[in-house]
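# Secondary and tertiary structure notes
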Amino acid sequence: MRNIRVQAESIQLSIYCNIICQTLQRHEKLSICKIVTFSYLIKQNRFLGGTIYTARNTQDVIYKGISLLSGDFEGFCNSVPYILKSLHLLISKGIVEFDNDILYLTTKQLELDSIYEESNFMKKVIEESKTMTDKQFMKEVTYNV
């Protein structure tokens, strides 16, 4: 039974490491709280199918993106430890570095699995989130979860 838990955790860490690296590769740098939130949303979008929003949405994209967390408090909370362990693993291996709570890739030459690619809508949300302070962003996340 313990072996199955270790294997399941390894898979989760692998998934989140891939998502974090892809996101940082595409967006160059993001804060820790934003990468945690968006990693979860990208993974959920992959397994739960498409989203109700598209790249055509232009108004309030951050709020619409964060609203995808609505009603998923337990799932989000259960995933945070895996995301943080993945971040720790990536930082300890020197793949990701952080400065003043901002994460960035140290190398651009990673071979990443494209299974967890973010949608065009999510790309817009992430880019738009850069205009928000972390405090304001987390306030919205907390409100929606």
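You'll find the structure just up there.
One structure accompanies this document, and this report is about it. (Residues numbered from 1 in each chain as written. Predicted model: local features only at pLDDT ≥ 70, side-chain atom pairs only at ≥ 80, totals over all residues. Heavy atoms only, no water.)

### A few points about the packing of aromatic side chains
To be explicit about the condition: Any two rings among Phe, Tyr and Trp, with Trp reduced to its six-membered ring, count as a pair given centres within 6.5 Å; such a pair is stacked if its planes are under 30 degrees apart, edge-to-face if over 60, and tilted if neither. Here a strand is any run of E in DSSP of at least two residues, a helix any run of H or I of at least four, and the numbering for each starts at the N terminus. Relative accessibility thresholds used throughout: buried, under 20% of the residue-type maximum; exposed, over 50%; partly exposed, between the two (1.4 Å probe, protein chains only). Cation placement over rings: the criterion is NZ of Lys or CZ of Arg within 6 Å of the ring centroid and within 35° of the ring normal.
One pass over the full model with this rule turns up two aromatic pairs. Each ring, one from Phe 38 and one from Phe 137, has its centre 5.4 Å from the other, and the planes form 55°; the classification is tilted. Here Phe 137 lies in helix H6 (residues 134-144) and Phe 38 lies in helix H2 (residues 32-48), a separation of 99 residues in the sequence. Comparing Phe 38 with Phe 137 shows no difference in burial state: the two are buried. Between Tyr 40 and Phe 76, the aromatic rings sit 5.4 Å apart at their centres with planes inclined by 75°, giving edge-to-face as the arrangement. Remark: Phe 76 occurs in helix H4 (residues 73-92) and Tyr 40 occurs in helix H2; sequence separation between them is 36 residues. Take Tyr 40 and Phe 76: they sit in the same class, and that class is buried. If you follow Lys 34 out to its NZ or CZ, it ends over the ring of Phe 137, 5.8 Å from the centre.

### Some thoughts on the packing of helix H1 (residues 2-27) against helix H5 (residues 120-129)
The following threshold applies: Angles shown run from 0 to 180 degrees and are taken between the N-to-C directions of axes, each axis being a line fitted to C-alpha atoms and, for helices, limited to the stretch in contact. Working rule for angles: under 35 degrees goes down as roughly parallel, over 145 as roughly antiparallel, 65 to 115 as roughly perpendicular, anything else as oblique. Two helices crossing with the near one rotated counterclockwise from the far one by less than a right angle form a left-handed crossing, whereas a clockwise rotation gives a right-handed crossing. We call two residues contacting when some pair of their heavy atoms lies within 4.5 Å. Residues are sorted three ways: Asp, Glu, Lys and Arg are charged, Ala, Val, Leu, Ile, Met, Phe, Trp, Tyr, Cys and Pro are nonpolar, and all the rest, Gly among them, are polar.
Close contact between H1 and H5 brings their axes to 11 Å; oriented N to C, the two are set at 65°. Taken together, the axes of H1 and H5 lie roughly perpendicular to each other. Our pair here, H1 against H5, has a crossing hand that is right-handed. Where H1 abuts H5, its residues Thr 23, Arg 26 and His 27 lie against Lys 123, Ile 126 and Glu 127. Residue classes in the contact of H1 with H5 are distributed as one nonpolar, two polar and three charged.

### Section: H4
Spelled out, the test is: To estimate the expected span of a helix, subtract one from its residue number and multiply by 1.5 Å.
Between its first and last C-alpha atoms H4 spans 29 Å; for 20 residues at 1.5 Å apiece the expected length is 28 Å, and the two agree. Within the sequence span of H4, burial applies to Gly 75, Phe 76, Ser 79, Ile 83, Ser 86, Leu 87 and Leu 90.

### Structural notes on H6
Rule in force here: Of all possible arcs, the one meant is that of the directions from the helix axis to the C-beta atoms.
Within the span of H6, buried status applies to Phe 137, Val 141 and Asn 144. Relative to the axis of H6, the buried residues are bounded by an arc of 70° and lie together on one face. Among the exposed residues of H6, those pointing more than 90 degrees away from its buried face are Lys 135, Lys 139, Thr 142 and Tyr 143.

### Considering the sheet that holds strand E1 (residues 29-31)
To keep it simple, the criterion reads: Two strands form a pair only when DSSP identifies at least two bridges running between them.
Pairing within the open sheet is antiparallel, and its three strands lie in the order E1-E3-E2. Looking along the sheet, the strands with just one partner apiece sit at the ends: E1 and strand E2 (96-99). When strand polarity is set aside, the average angle formed by the axes of neighbouring strands in this sheet is 30°. Bridge count for E2 against strand E3 (residues 102-105) is four bridges, and the pairing is antiparallel. Its bridge partner lying in E3, Val 96 is registered against Leu 105.

### Considerations on the pattern of salt bridges
Our working rule: Whenever Lys or Arg places a side-chain nitrogen within 4 Å of a carboxyl oxygen from Asp or Glu, that contact is recorded as a salt bridge.
Evaluated as defined, the whole model comprises four salt bridges. One salt bridge connects Glu 118 with Arg 26, and the closest N-O pair in it is separated by 3.6 Å. Of the two residues, Glu 118 sits in the loop between E3 and H5 while Arg 26 sits in helix H1, which places them 92 residues apart along the sequence. For Glu 118, a relative accessible area of 6% corresponds to the buried category.

Any functional reading would require information beyond the geometric quantities listed.
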